[in-house]
Amino acid sequence: MLASQTDCSNSPFLWKLWIYTNYDCNLRCSYCVAKSSPNAPRRALGMANVKRLVDEAAALGFSEIFFTGGEPFILNDIYEMLDYSSHRVATTVLTNAMVLRGTRLDRLTRIVNDNLLIQVSLDGATPEDHDAYRGRGSWEKAIEGIKLLQERDVRFKLSTTETPENSPHMSQICEFHRSLGIPDEDHFVRPLAKRGYSKQGLELDMTNLIPEVTVNVDGVFWHPLSTDRDMQISRSIFPLSDSVQKIQEQLQTIAQTGSSALTTFT
Ligand code: SF4
């Protein structure tokens, strides 16, 4: 554990680390806050950086690490990253579940453990609700992916982004996931945010968002909701403790001015 001013256990906020592994994606969702797509250039963080991040996060007392893409499972080294991370800190990886087939599914199955959770995006009980923002045919492939995960006994949760399209049908989504044998505690809903490609939703920034330390190839950011310049804490990833300290100082300033209420968003 590092010195107390950079020890995350002193703060109720700094306990999640998000790692943007790549940015390219098999989908092009119209609400994607990361502006990911098949055409987005790969901005890979790489195994050496991920290992160092996991080690530093564990030493600082982070209790959870999240891996997000684009789509992380199009990376060849994502399994090694998840294996390394989940043997040190509780680890979650976000996926659209559409590419988890064949060799990829086999490789994931080999590294599953109680400390590794898969978070699958599902926005509807029907293709209409899900595909409205995520593209035609994506619901069907996501459901196939979910069933394959169930067949392999891989632990996962469902994440739904509430949109104008699916908002009237939230109870149907819950009935649907229960019909698949997925309990309520393994499903959560989050609102749409106006960032990246999204033209609708909540407007959130460093002044009203509880920080969740986020790293990509360009540096450290306040929150995974956006890696735009206005959310950047540092251009240097390492040492992670420097960015943790900057965030803690900014939180103290916010608390002293009492200027705004912070909200969670993940
Ligand atoms: S929201 Fe997720 S699945 Fe959709 S384009 Fe962005 S990273 Fe890919």
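As the structure is a computational prediction, the values presented were derived from the model and not from experiment. Numbers given to residues run from 1 along each chain, matching the order in which its sequence is written. Local features in this predicted model are restricted to residues of pLDDT 70 or higher, and side-chain atom pairs are both shown and tallied only at a pLDDT of 80 or more, whereas totals for entire chains, interfaces and linings draw on every residue. With hydrogens and water set aside, each side-chain value is computed from the structure's full complement of heavy atoms.

Hey, could you run me through the site of the ligand in this one?
Throughout, the term near means that a residue has one or more heavy atoms lying within 4 Å of the molecule or strand in question. Around the ligand, the neighbouring residues are Cys25, Leu27, Cys29, Cys32, Ser36, Gly70, Asn96 and Arg134. Three classes are used, and their members are as follows: Ala, Val, Leu, Ile, Met, Phe, Trp, Tyr, Cys and Pro are nonpolar, Asp, Glu, Lys and Arg are charged, and the others, Gly among them, are polar. The class makeup of the residues in the shell around the ligand is 4 nonpolar, 3 polar and 1 charged.

Help me out: how do you make sense of the side chain of serine 86 in this one?
Each helix is a run of DSSP H or I of at least 4 residues and each strand a run of E of at least 2, with the numbering of both proceeding from the N terminus. Looking at the element boundaries, serine 86 is found in helix α2 (residues 78–86). For every residue, the accessible area (1.4 Å probe, protein chains only) is compared with the maximum for its type, and the residue is labelled buried under 20%, exposed over 50%, or partly exposed between those bounds. With a relative accessible area of 2%, serine 86 lands in the buried category. A 3.5 Å cut-off defines polar contacts: any pair of N or O atoms within that distance qualifies, except that in protein one atom must be a possible hydrogen donor and the other a possible acceptor, and neighbouring residues in sequence count only when both atoms are side-chain atoms. Of the polar contacts made by the side chain of serine 86, one reaches the backbone oxygen of aspartate 83; its length is 3.4 Å. Contacts between residues were defined by any pair of non-hydrogen atoms, one from each residue, lying within 4.5 Å. When residues no more than four places from it in sequence are discounted, the contact partners of serine 86 are Thr91, Asn113, Asn115 and Leu116.

Looking at this structure, how should I read helix α7 (residues 240–257)?
Because the α-helix completes a turn every 3.6 residues, residues three or four places apart line up on one side. In this analysis, the expected span of each helix is defined as 1.5 Å times one less than the number of residues it contains. In a regular helix each residue adds 1.5 Å, so 18 residues correspond to 26 Å; α7 covers 26 Å between its end C-alpha atoms and thus fits that length. Looking only at α7, the buried set comprises Leu240, Ser241, Ser243, Val244, Ile247, Gln248, Leu251 and Ile254. Projected onto a plane normal to the axis of α7, the buried residues spread over an arc of 155° and lie on a single side. What points out from α7, more than 90 degrees from its buried face, is the exposed set Gln256 and Thr257. Buried residues in α7 make contact with β1 (16–20), α1 (47–60), β7 (214–216), β8 (219–221) and β9 (232–234). As used here, the arc is the angular range of directions from the helix axis to the C-beta atoms.

Help me understand the sheet that holds β1 in this model?
Sheet strands pair by backbone hydrogen bonding; their relative direction is either parallel or antiparallel. Pairs of strands are assigned from DSSP output, requiring at least two bridges between the strands. Spatial ordering of the open sheet is given by β6-β5-β4-β3-β2-β1-β7-β8-β9, a layout of 9 strands whose pairing is mixed. A strand with exactly one partner marks an edge of an open sheet, and here the two such strands are β6 (187–191) and β9. Taking the axes of each pair of neighbouring strands and ignoring which way they run, one obtains an average angle of 30° across the sheet. When strand β5 (residues 156–162) meets β6, the two strands line up parallel, connected through 5 bridges. Axes here mean lines fitted to C-alpha atoms, for a helix over just the part in contact, with angles spanning 0 to 180 degrees between N-to-C directions.

Would you take a moment to explain the environment of glutamine 172 for this structure?
Inspection of the secondary structure assignment puts glutamine 172 in helix α6 (residues 170–179). Among the residues examined, glutamine 172 registers a relative accessible area of 37% and is labelled partly exposed.

I keep staring at the packing of aromatic side chains and nothing clicks. Help me out?
Each aromatic ring pair is characterised by the separation of its centres together with the angle its planes make. Stacked, edge-to-face and tilted are the three classes for Phe, Tyr and Trp ring pairs, Trp counted by its six-membered ring, which pair at centre distances within 6.5 Å; planes under 30 degrees apart are stacked, over 60 edge-to-face, the rest tilted. Evaluated as defined, the whole model comprises 5 aromatic pairs. For the pair phenylalanine 73 and tyrosine 79, a centre-to-centre distance of 5.9 Å together with 50° between the ring planes defines the contact as tilted. It is arginine 52 that lies over the ring of phenylalanine 238; its NZ or CZ is 4.1 Å from the centre. For the cation-ring pair, arginine 88 lies above tyrosine 84, with the distance from its terminal atom to the ring centre recorded as 3.5 Å. Note on geometry: a ring has a charge over it if NZ (lysine) or CZ (arginine) is within 6 Å of the ring centre and within 35 degrees of the ring normal.

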